Amino acid sequence: MDFKSYLILLIGIYLIYLIFVIFRKKALIKFKKSTYVMYLVNVYKIDIEKIDFKFLANMICIVNSFILSTSLYIVSNIKGILSILIGFITVMVLLFGVYHILGLILKKKGDKNV
């Protein structure tokens, strides 16, 4: 997979999230109770009342798109059974790393809005 395919995949996954989560009212309401939001609320003590929820949902969709497309990009360049193990490790590292950065950004943004 080349970098152009990676960007197309990233944008494609983001657009799917955008259409099926952010633009649909019912899905956006269910998204408030999703694992992603609960993780940010519980671990980083993010007050979702202080942050525009559409902004939060959009950020989570961007982060998830990045994690999925980057994992697929890395795994597609590795052949054999080892790709499953490396894919799992990649997903875990990206999940915790990127959500940590997102949590810190949202915490700062929430503190400024007080």
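Predicted, not measured: the structure shown is a model, and the values here were computed from it.

## Describing the overall build of the protein chain
Check the secondary structure of the protein chain and you find five helices and zero strands. Secondary structure elements in the protein chain, listed N-terminal to C-terminal, are α-α-α-α-α. Burial status across the protein chain gives 33% buried among its 114 residues. Look at the contacts in the protein chain between residues 6 or more apart in sequence, and 72% of them connect residues 24 or more apart. Element-wise, carbon and sulfur atoms account for 72% of the exposed surface of the protein chain, whose accessible area totals about 7,500 Å². Here the protein chain contributes 15 positive and 5 negative side-chain charges, whose respective centroids are spaced 5 Å apart.

## Things to note about the packing of aromatic side chains
On inspection of all chains with the given rule, the structure shows seven aromatic pairs. Considering the side-chain rings of Y39 and Y44, the 6.1 Å spacing of their centres and the 75 degrees angle between planes classify their relative orientation as edge-to-face. What makes Y39 partly exposed here is its relative accessible area of 25%. An aromatic cluster of at least three residues, connected via ring pairs, comprises F31, Y36, Y39, Y44, F53 and Y99.

## What to know about helix α3 (residues 35-44)
Taken together, the buried positions of α3 are V37, L40 and Y44. Buried residues of α3, viewed axially, fall in a sector of 80 degrees; they line one side. Residues T35 and N42 are exposed on α3 and point more than 90 degrees away from its buried face. Just downstream of α3, K45 is the residue with a positive phi angle, here 55 degrees.

## Digging into helix α1 (residues 3-22)
End to end, α1 covers 27 Å across 20 residues, agreeing with the expected 28 Å (1.5 Å per residue, within 8%). For α1, the full list of buried residues reads Y6, I13, Y14, Y17, L18, V21 and I22. Buried residues along α1 cover an arc of 140 degrees about the axis, so they all sit on one side. The exposed residues of α1 that point more than 90 degrees off its buried face are K4, I8 and I16. Against the buried residues of α1 lie α2 (25-31), α3 and α4 (53-76).

Parameters at a glance
Residues numbered from 1 in each chain as written. Predicted model: local features only at pLDDT ≥ 70, side-chain atom pairs only at ≥ 80, totals over all residues. Heavy atoms only, no water. Helix = DSSP H or I, 4+ residues; strand = E, 2+ residues; numbered from the N terminus. Buried < 20%, exposed > 50% of the residue type's maximum accessible area, 1.4 Å probe, protein only. Contact = heavy atoms within 4.5 Å. Areas by Shrake-Rupley, 256 points an atom, 1.4 Å probe, with all protein chains shown as cover. Lys, Arg positive; Asp, Glu negative; His and termini not counted. Charge placed at Lys NZ, Arg CZ, Asp CG, Glu CD. Phe/Tyr/Trp six-rings, centres within 6.5 Å; stacked < 30°, edge-to-face > 60°. Arc of directions from axis to C-beta. Expected span 1.5 Å × (residues − 1).

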